[in-house]
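# Geometric and topological summary
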Amino acid sequence: MKLTVVGYWHGYPEKGEATSGYLLEENEYKVLLDCGSGVLSAVQSYCSLLDLDAVVLSHYHHDHQADIGAYQYARIIQKGIGTKMKDATIYGHRDDEQAFAKLGYKEVVQAISYNDQSPLEIGPFTFTFLKTNHPVPCYAMKIQNKAGKVFVYTADSSYFAELAAFSKDADLLIAECSGYKRDSISQFGHMTSEDVGRLAEQSNPKKLLLSHLPHVGNHEQLVKEAAEHYSGPITLAASGLIIE
Ligand SMILES: [Zn+2]
Ligand SMILES: [Zn+2]
């Protein structure tokens, strides 16, 4: 189970970078968790677009799904010039039917919905979902491989107790960290470094990855503030960072 950080910015990408996107691989299977602005270009540093088997979207905010249209165009253009392609699926929730209806595209991308009622097998992984606290419907993901390793991705959310229970004892917790301790952002459905520290203190992951990072300040400060609550290893997201 290998995770590559493709993009980690909150809201919009900094120059040459990307917003939310994480490439998850096991053997030859490749799934992209979220596909925000800049992700489609950046992911090609790690694999061909046509090697992607699936994209799983947490929600339909631009910083998580802006490049979906370009991904559909990539597949239709490649099909048009005769490139042989494996099937590709975009997974999304149906709490917003209009947004879900735009995920499938002609005969080159199929769309499959998920919900928080039943786990979903996606390639070699089992995905379980939990609805988060966010201004639009958004789902955190727990991803387990056959060997029993577990990665949890909070997607976008303010802190709530069920998120800690959902994340319990993960091998890796990828947490959104959109602000510093002093910021009041829970009203916007986001977590500060302090919130993430509390979340990790309660859920006790083996590793904590801070992502969805703000455009101000020194990110090392986020690590210090999260470490006031959580004593395990904390890593800051960076483009191309690999965690196995
Ligand atoms: Zn969002
Ligand atoms: Zn976001």
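Treat the numbers as computed from the prediction; the structure is a model and nothing was measured. Residues take numbers from 1 onward in each chain, read along the sequence in its written order. Each chain gets a letter, beginning with A, and each ligand a number, beginning with 1, in the order they are written. Given that this is a predicted model, residues contribute local features only at a pLDDT of at least 70 and side-chain atom pairs are listed and counted only at 80 or more, while totals for whole chains, interfaces and linings are drawn from all residues. Excluded from the side-chain calculation are hydrogens and water; included are all heavy atoms of the structure.

On to the coordination of the zinc ion (ligand 1). The rule for donors is simple: an N, O or S atom within 2.8 Å of the metal counts, and for Na, K and Ca the reach is 3.2 Å. Water is not among the atoms, so a site may look short of donors. Within the first shell, the zinc ion (ligand 1) binds the protein through His59 (NE2), His61 (ND1), His134 (NE2) and Asp156 (OD), at distances of 2.1 to 2.4 Å. Because the angles between the four donor atoms bound to the zinc ion (ligand 1) fall within 91 to 166°, the donor set is best described as irregular. Taken in sequence order, the residues that donate to the zinc ion (ligand 1) follow the motif H-x1-H-x72-H-x21-D. Separating the zinc ion (ligand 1) from the zinc ion (ligand 2) is a gap of 3.5 Å, which Asp156 spans by donating to each of them. For four-coordinate sites, all angles between 85 and 135 degrees define a tetrahedron; for four- and six-coordinate sites, opposite donors beyond 155 degrees with the remaining angles between 65 and 115 define square planar and octahedral shapes respectively, and all other cases count as irregular.

On to the sheet that holds strand β1 (residues 2-7), then. Pairing between sheet strands relies on hydrogen bonds along the backbone, with the strands arranged either parallel or antiparallel. Whether two strands pair comes down to DSSP finding at least two bridges between them. Working definition: helices are DSSP H or I runs of at least four residues, strands are E runs of at least two. Numbering for both runs from the N terminus. Pairing is mixed across the open sheet formed by seven strands, whose spatial order is β6-β5-β4-β3-β2-β1-β14. Looking at which strands have only one partner, the edges of the open sheet turn out to be β6 (110-114) and β14 (242-243). Direction of pairing for strand β4 (residues 54-56) relative to strand β5 (residues 89-93): parallel, over a ladder of three bridges. In the sheet register, Val55 faces β5, and the bridge partner there is Ile90.

A carboxyl oxygen of Asp or Glu within 4 Å of a side-chain nitrogen of Lys or Arg is what we treat as a salt bridge. This structure, assessed with the given rule, holds 11 salt bridges. Between Asp95 and Lys131 there is a salt bridge, and its shortest N-O distance comes to 2.8 Å. Placement of Asp95 in the loop between β5 and α4 (97-101) and of Lys131 in strand β8 (residues 125-131) is noted, with a sequence separation of 36 residues between them. Residue exposure (1.4 Å probe, protein chains only): buried if accessible area is under 20% of the type maximum, exposed if over 50%, otherwise partly exposed. Judged by its relative accessible area of 38%, Asp95 falls in the partly exposed class. The partly exposed category is assigned to Lys131, whose relative accessible area is 37%.

Okay, helix α7 (residues 219-227) next. Side chains three or four residues apart in an α-helix point the same way, a direct result of the helix having 3.6 residues per turn. For α7, every residue scored as buried is listed here: His219, Leu222, Val223, Glu225 and Ala226. Looking straight down α7, one finds that the buried residues subtend no more than 170° of arc, so they occupy a single side. Buried positions along α7 lie against α6 (193-203), β12 (208-211) and β13 (234-236). Definition of a polar contact: a pair of N or O atoms within 3.5 Å, with one able to donate and the other able to accept a hydrogen when the atoms are protein atoms, and with sequence-neighbouring residues admitted only if both atoms are side-chain atoms. With a side-chain oxygen lying 3.0 Å from the backbone nitrogen of Glu220, the N-terminal cap of α7 falls on Asn218. This arc is built from the directions going out from the helix axis to the C-beta atoms. Pairs of residues are marked as contacts when any of their non-hydrogen atoms sit within 4.5 Å.

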